[in-house]
Structure formats: structure tokens, C-alpha cells
Amino acid sequence: MYENKNFNEVIDVFNSNEQSGLSESEAKSRLEKNGKNKLEEKASDPWWKIFLDNIKDPMTLILAIAAIISLVLGIINMVKGTEGPEALADVFIIFGVVILNATIGTIQEMKAEKALEALKKMSAPTATVRRGDKIIDIPAEDLVVGDIVILEEGRTVPADLRLIKSFAIKADESSLTGESVPAEKDASIVLSEEVGVGDRVNEVFMSTPIVYGRGEGIVIATGMNTEIGRIASMLSSEGEEMTPLQKKLAGLSKFLGYLTIGIVVLMLVVKIIWALINGNIGSEWSQALLDSVALAVAAIPEGLTAVVTIVLAMGMTKMVKVNTIVRRLASVETLGAVSFVCSDKTGTLTQNKMTVVEAYYNNKDYDKDHITNKELSLLAKGMCLCSNAKIENGTYGDPTEVALVEFASKLGYPKSELEKQTPRIDELPFDSVRKMMSTLHQTPVGNLIYTKGAMDQVLKHTTRIYKDGKEVSISKKDIEDIKNAASNMSNKALRVLALSMASNDSIKEDDLVFVGLVGMVDPPREAAKPAVATLKKAGITTVMITGDHKDTAFAIAKELGIASSLDECMSGDEIDALDEKQLQEAVKKVRVFARVSPQNKVEIVKAIKANGNIAAMTGDGVNDAPSLKSADIGIAMGITGTDVAKGAADMVLTDDNFASIEKAVEEGRGIYANIKKTILFLLSSNIGEVICMLIAALVGLDTPLIAIHLLWVNLITDSLPAIALGSDKKPDDIMEDKPRDSKESLFSHGGYLITFGYGLVIGLITLAAFLLKPMLNGHFTPADINAFLDTVNADGVKHNLEEAQSMAFCVLSFSELFHMLGMTNTKKSFIHVFKDKNILLWASFFLGIGLQLAVIETPYVNNAFSVYPLHDEPMDYLYVFALSIVPLVVHEIAVLVMFIKKKLSKKA
């Protein structure tokens, strides 16, 4: 807006004064009118609201209602004297489950959002301004539009400024624009039109450090109106989006909620009908309600939330081993579905470190493999001495000059030693008009000038050339060769600098001797290219999104195998000319997006997602933060990444290595496979419980299992094996599969058959265990069976019913443990469990058996669970074992059938 006005016009717009600045009274008035120069915070929901929101989950609500019904009936029965306090045990357990699940959800959502806080920390704490004809330091938050701010090297820009004075000033805008080289600024330039942030050479922006030179500027925007403020607005407006797994679990929760209501109503109706048929509705209605509560407990996998959370947490530990820290737990599995990796260039695919990779000296070209050749000593020494950067005891200075100092150091010439041998005695600093810098040094044979800068400018001041150890007149052929060498470097997107020298007592940039050229670039990370290739093999597309220029971005993309032609590149201006639909088509083919704004990055990510893809976004700068947050999964760099980027991301790479993304994707796929396994395992158990209970109700039998039995199985007996399944080793060929469809059901690829098939098996064998004792005693009809089960012994206890329920309870628990062994791999025999050495599987198997036996056989505990010890009749345990192993037998038969089919198809 102000880049196309000269600074006098801007001063007039804000009614300020270049020499004296604003008056204190005017500054105070503007501060009251426009507010502080700081970023706004978005109010977060209190913990209790988040907690209540989590209770709204359909499954949790049904459990809560079931608990309330049990509580009311339990109190009524206690008042009547028909039951003791132990009748309320299942009530407290159900309420405990409700509170636990809601608490887990609350903790997940209450993780502090750090992005805006980090943005605030990046702002400069103080600013030097002209106020009331004085130069004073004030808190940066007290700046107002129209203030005249004094800038110098090492200071952070406190607000957005239009420069009014500039002296070789450079600002490091890499975190804001993505450019790896500091931006040269010039107050005298007036642009002909409005341009993007990266091209506003007469403006500097809040939070960017001044790395070279000095200047003054007038404040044109403060707080949320600055460029960084706009990013903050984008961050705060970008809500937390559910991960694919969260969406699936939410859908599953809703489905199970409705299904449970339907089944419970059916159960209640059936029970009431049987009560009417038997003529005892008055005494049976409360039992019908309790049986319905039990069925609700059976239908809902109470341990699902906790188990998935634990499996994801175990996944977080696995991620740490591949240099990835997960900030948002639910994002662990999302990487497994990623189909597009959108990567920032600077600092992510590249090293964010300018490096000399080519040189031209003595009429010879030197590529990156020969850049440390000792023949380049003169060129390296001159470039190093004509620089202000330092790399000893910490790196300091312009990244371009740091590269030159490191170039000399690699050849064995540390700058500190060079400066001792040839101390600097004078300097002509770089400016944007001359585009050169010169230094004068004292040597044993006299003073020596080194001049470095833009090739065309240096050549204007050159009359000779250094060849074969001698100074000779420079010819047209020499100039042509130099320009060709520079052109070759530029075509590779290298930044080219020339060096000349001369013997002279005073510092003059005339009659110079040309020495050579160097070509610099922010090079790709060594591991990036193979990582891109591996992702491509796995069906994952890598896209480069950067604020850098198109030719520079394409050169790196081509080297890494991301793009092969310029037709696959698009600039920010071209993106701005497209509507949403056109951009959605463009992202299908374009692989490099250059010179983009933070808003462009968000638009690109959203277009990729709109095409049905799961998008991961990597980055390290402030400019990456909004797109990191809008992506399905944001990945920030841990070393070079800003706090803003880390705060907006879902996970952080601790080694800043793009290759770690490939390893993280592999782990993500393995984690999703394990979560899917655990969910199918848990649901097959619930379906088995429902089938058992429903069949018994439909034929008019007593209830085989009561609520506390089902809670024990769902929370303990099932949860331990489910957690063990979640720790299974990932398949070796997992990266050979294409990314899964984001809309793919949890029950795809045979999930329905596994869940309902094994659910039916478990339900039938549990019911068989319940009916075993009555049938062994010659009772086969529902009426006879009920009469046998309802027989009351001398203690007033229905011993037969408790024994039958104990058998069903044990078979349900033990069959789940055997089912776990088969679920480790539904396509292989359970024998492979011994090979994979998952100790947790065997630990959960034997612990599950031990806990179940403790419940059955321990006095007082078995009373609380209303079960009967089976040790008096050893054959009972033989029956239990025979029935419990059936799911594993079914698994082995299914594996054998698949094996035979596979062999027959190969022969065919």
C-alpha cells in the first residue's frame, strides 16, 4: 500500500515529522485510539466446558443414563431389603468409565496452544524513536502509526515500517517470506505498483532482525494490522480440525449410540412381553430394566477411548525413535494416510545455509566436487577478507558472507589467521548503488585492496586479470568467458559474486585485477533426495511451497526429483489469478509453488485437501505457521524452526531432516494398522456379548451375564489384549502400499467379516457355556432351563444360575484372550506370534487368565461379582477351555483355507 509512495508522501499521510517525530500528546492520543502494538489473544474455553462437551459423546451419554437407571433401581432394592450395597458396584464402575473417558478427552483438548504466544515473544521488547524532537527508547507495544523508528544492525524491527533513510540495510526475512538470503532494503526506491511482502524493498516488517546496516522508518502498521499480525489472525481463525481417525471414531460412536438405543429398546420390549406371557410383570419390570442396562453396557466398548489413547501414546514413543516429537496425540496415525507432503524449501528440503558450490578461477570451472582445490586459495582468501562475517566462537553476519568465510576455512585458511597476517586498515561498505564492497589490507609487500560484488559492476572497474600467477590485461575474450561462467552458474539458480584486487596505498575501486567468481546456493539436504524417492514409491507426492523465486525453487526441486520441467511450477501471482476450482485442478499437476504468501500456502493446502487428499505440511518459519495449522498434519523443524511454527504444528522433527518424514509416515501406517486391529478386536467382543444376551432374551432365558461381568470384560479382559495388539510390530512391506483413502471405513478389507464373524462365534460359545450345565442335567427347553437355573438353595441363593453365569463369564473372558492371538495377523497362523516376540501379548494373555481366575476363585471378590467358584468341579474348567479356544481354532481354519486358495490360484 505504501511501497508505491515516496517516503515524504507517507510522512504526510500520517501527519508526522521526519526530524522531530510525533509529539508525546499526539502519540498518546493515537495509542488510545488504535490500541497497543501487540498481538491479540483468543480466549480459550474453560476446562469444565471442555469436560461437559466430552460427555456429549453418544456412547458416554448412554452409559451415564444406564448408570442412573442402575443407581435408582439399586437404591429401591436396598430400601426394600432385597439387595445390599454391593448392588451399586456396577453403578460406580460405569460412572468411573464416564468420568475417565471425559477426562481423557479434556486433557487432549486442553494442551496449550503456543503459536500466538510464540508470535508475541518474537516481537521486539523496545524501540528507539524520535518523539517530541528527542531520541528515546520506549516499549515496543507503545509504538503508534506515524512514529519515526531508528534501526541498526542487531535490532529487531518493532512494527511494519516504510523506510525513510537506509544505509546498506539488510533484514533477515527468511522466517516471514522463506527467502534464505537477507533482503536488501532501499528507502529511495518507489515501486510502480503494489507487490507481495517479499518484493517490498522499501519496507521492513515486525519481528524481522536487521542483520546489516542502519536506517530509519515511519510506522505504517502496528499490532494485528502488521504482516505478522495477519498471520496471527489466520492462526486464530483456523480451528482445530479432526484427524481422519477422530472422524471415524466419532462416526463409530454415533453409530454405536443409535444401535445401542435400538437394541436396548428391543431387549426391554422382549423382556416385558415374556413377563406378560409368564404373568409376572409386577416382579419382573425392574429386572427387565437391569437386563437392558446390562445390554447397553455390552454394546458399548467402554475401554475403546482409553485403549486408542494408550496405543497412540505408544506410537508417540515409536515416533521419538525416528526423531519426531508428536504435539497432538491424535495426529500420530494421520501420517499413515498422507498422500501429499507439502514442504517448505528453505531449511526443510535445503540446509538454510548458503554454501559455495562452484567457482571460476584462472579460466577454469570448479564444481562442488573440486571446490576445496588448493588452486582456489587466492580467490578464497580474498573473498574471506572482504567480508564482515565470523564463524569462530559462534556464527555471526550475513549468510552470504558466512558462506565465503567457510569457503576459505575449508581450504585451511581460518579468518582469524588471515586477519593476523593481513589486517584490515580501511573499508568501503556495500551499498545498493555500487553493489560492491572493498577492504584495504596491510601486507608485508604493501597494501592490498579486495573488492567483491556483482559481476557486472566489478568488471566495470577491472582492467587486468590474474592468470597463471601473473597480472595481464583483460581481453574481450576473457570478459566473454567470465560472463559465460557467471551465466552458467545463474542458470543453476546460484548466487554469483566476483572478486578483484589491486595493490594501492589508499582504498580506490579503480584499475582492479579480476581474480574469479564463486557460485553459492542454499543446498539440498543430503537425505532429502532419497526420502522424496521413497515417498514417491509409497504413492505419496512431494510438493515444494516456498517464498523464494521460481528459478531458484525449480533448480532445487529438479535436483531432488520433485519436478522435471518449469511447466510444473507456479508463482504466487498466478495463484492469485485462479479461483478455488481452478486451483484445485492446478494442484493435481503443479509440484513447485514459488514466491507465495502465507495466505497462498493455506490456499494450496486447502485445495489439495478439497481433492480428497490427506495433506502434510512441513516448514520452519512464521510464514509457514498458518499452512501448518490448516494441513491435516503440520510438521515443524525442531532446530531451525521458529517457536511460532512449532506451536502451530502437530509434530516436530528433532533433526530437521526431511528424511525423517518418510520414517514417520512408515510408523504412522503401522500405528493405524494396530489401532484398526484393536478396534475390530474390541467390537467383536461387544458384538459377541450382544448376540449372547439378545438370543437369550428372544427365547425367554435368564440373562447369561450381568452388567458387572460385562464391565470387567470390556475394561480389563479386553483392554489388556487390545493394548498388546497396539504394540505389534509393523509389517515389513508397509511402505509398498499406496496411501489409504481418507474416506476408507475402519471395516474395509474384511473388517466387517472379522468383527461380526468372530463376534458371532464368541456370542454362541458364551451362550453355550451358559446352557452347558442345564443341558448336562437334562434340561433343553427355555422353561425347563429357567426352572433349573432359578432353583434357590438353602442360603436363598440361585446357585445354578450363578454357576451358569460364571461359566459364561469365564468363556467370554478366556475366548477374548485366545482371539487376541489370532488377531495379531488375520492372514497368518498364530505361530508367528512366537517369531515376532511381542512379550506384551503373552504378558496380557497370562495376566488376563490370572485376573479372571482371581475374580472367580477369591472369596468376597466373587461375591461382589455374583459368581461361583469353579474349582469344586474340575471338569468345568475343561469345558471352559474347550469352548474358549474355539475362536483361535476358527482363525487357524480360515488361514488354512486362504493358503489353499492362494496355492490353487497360482496353479490356475
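Refer to the structure presented above.
My aim in this report is to walk through the structure given alongside it, one point at a time. Every value quoted in this text rests on a predicted model; they were computed, and no experiment measured them. (Residues numbered from 1 in each chain as written. Predicted model: local features only at pLDDT ≥ 70, side-chain atom pairs only at ≥ 80, totals over all residues. Heavy atoms only, no water.)

**Observations regarding the overall build of the protein**
- Scanning the protein for helices and strands turns up 35 helices and 24 strands.
- Whereas a compact globule of 908 residues would reach a radius of gyration of roughly 29 Å, the protein reaches 37 Å, over 25% beyond that.
- The C-alpha extent of the protein, read off along each of the three principal axes, is 120 × 75 × 50 Å.
- Put simply, the protein has 908 residues, and 55% of those count as buried.
- Put simply, 72% of the contacts in the protein that link residues at least 6 apart link residues at least 24 apart.
- If you sum the accessible surface of the protein, you get close to 39,000 Å²; carbon and sulfur atoms cover 58% of it.
- In the protein, which carries 93 positive and 115 negative side-chain charges, the distance between the mean positions of the two groups comes to 5 Å. (Helix = DSSP H or I, 4+ residues; strand = E, 2+ residues; numbered from the N terminus. Rg over C-alpha atoms; globule rule 2.2 N^0.38 Å. Buried < 20%, exposed > 50% of the residue type's maximum accessible area, 1.4 Å probe, protein only. Contact = heavy atoms within 4.5 Å. Areas by Shrake-Rupley, 256 points an atom, 1.4 Å probe, with all protein chains shown as cover. Lys, Arg positive; Asp, Glu negative; His and termini not counted. Charge placed at Lys NZ, Arg CZ, Asp CG, Glu CD.)

**Description of the packing of aromatic side chains**
- Counted under the stated rule, the structure contains ten aromatic pairs.
- Both rings, one in Phe818 and one in Phe881, keep their centres 5.9 Å apart while their planes meet at 75°; by these two values the pair is edge-to-face. Here Phe881 lies in helix H34 (residues 874-884) and Phe818 lies in helix H30 (residues 799-823), a separation of 63 residues in the sequence.
- If you follow Arg214 out to its NZ or CZ, it ends over the ring of Phe167, 4.1 Å from the centre.
- Here Arg740 stacks its cationic end above the ring of Tyr672, 3.3 Å away from the centre of that ring. (Phe/Tyr/Trp six-rings, centres within 6.5 Å; stacked < 30°, edge-to-face > 60°. Lys NZ or Arg CZ within 6 Å of the ring centre and 35° of its normal.)

**Topic: helix H17 (residues 476-491)**
- Across its 16 residues, H17 extends 22 Å between first and last C-alpha, which sits within 8% of the 22 Å expected from 1.5 Å per residue.
- Every buried residue belonging to H17 is among Asp478, Asp481, Ile482, Ala485, Ala486 and Met489, and all of these are buried. Burial along H17 is one-sided: seen end-on, the buried residues are contained in an arc of 130°. In H17, the exposed positions angled more than 90 degrees off the buried face are occupied by Lys476, Lys477 and Asn491. (Expected span 1.5 Å × (residues − 1). Arc of directions from axis to C-beta.)

**So, helix H32 (residues 839-857)**
- Spanning 19 residues, H32 covers 27 Å between terminal C-alpha atoms, matching the ideal 27 Å at 1.5 Å per step.
- Along H32, the residues that are buried comprise Leu841, Ser844, Phe845, Gly848, Gln852, Val855 and Ile856. All buried residues of H32 lie within an arc of 105° about the axis, which places them on one face of the element. Exposed residues on H32 whose side chains face more than 90 degrees from its buried face are Ile839 and Phe846.

**With respect to the sheet that holds strand S20 (residues 569-571)**
- Strand order across the open sheet formed by eight strands is S8-S24-S23-S22-S9-S19-S21-S20, with mixed pairing between neighbours. Two strands close off the open sheet at either side, each with one partner strand: strand S8 (324-326) and S20. On average, adjacent strands in this sheet sit at an angle of 20° to one another, irrespective of strand direction.
- For strand S23 (residues 633-637) and strand S24 (residues 651-653), the ladder comprises three bridges, and the chain directions are parallel. Bridge pairing in S24 places Met637 opposite Leu653.
- In the packing of helix H19 (residues 550-560) onto the sheet, the strands contacted are strand S19 (541-545), S20 and strand S21 (592-594), and the crossing angle to S21 comes to about 155°. (Pairing = 2+ DSSP bridges. Axes fitted to C-alpha atoms, helices over the stretch in contact; angles between N-to-C directions.)

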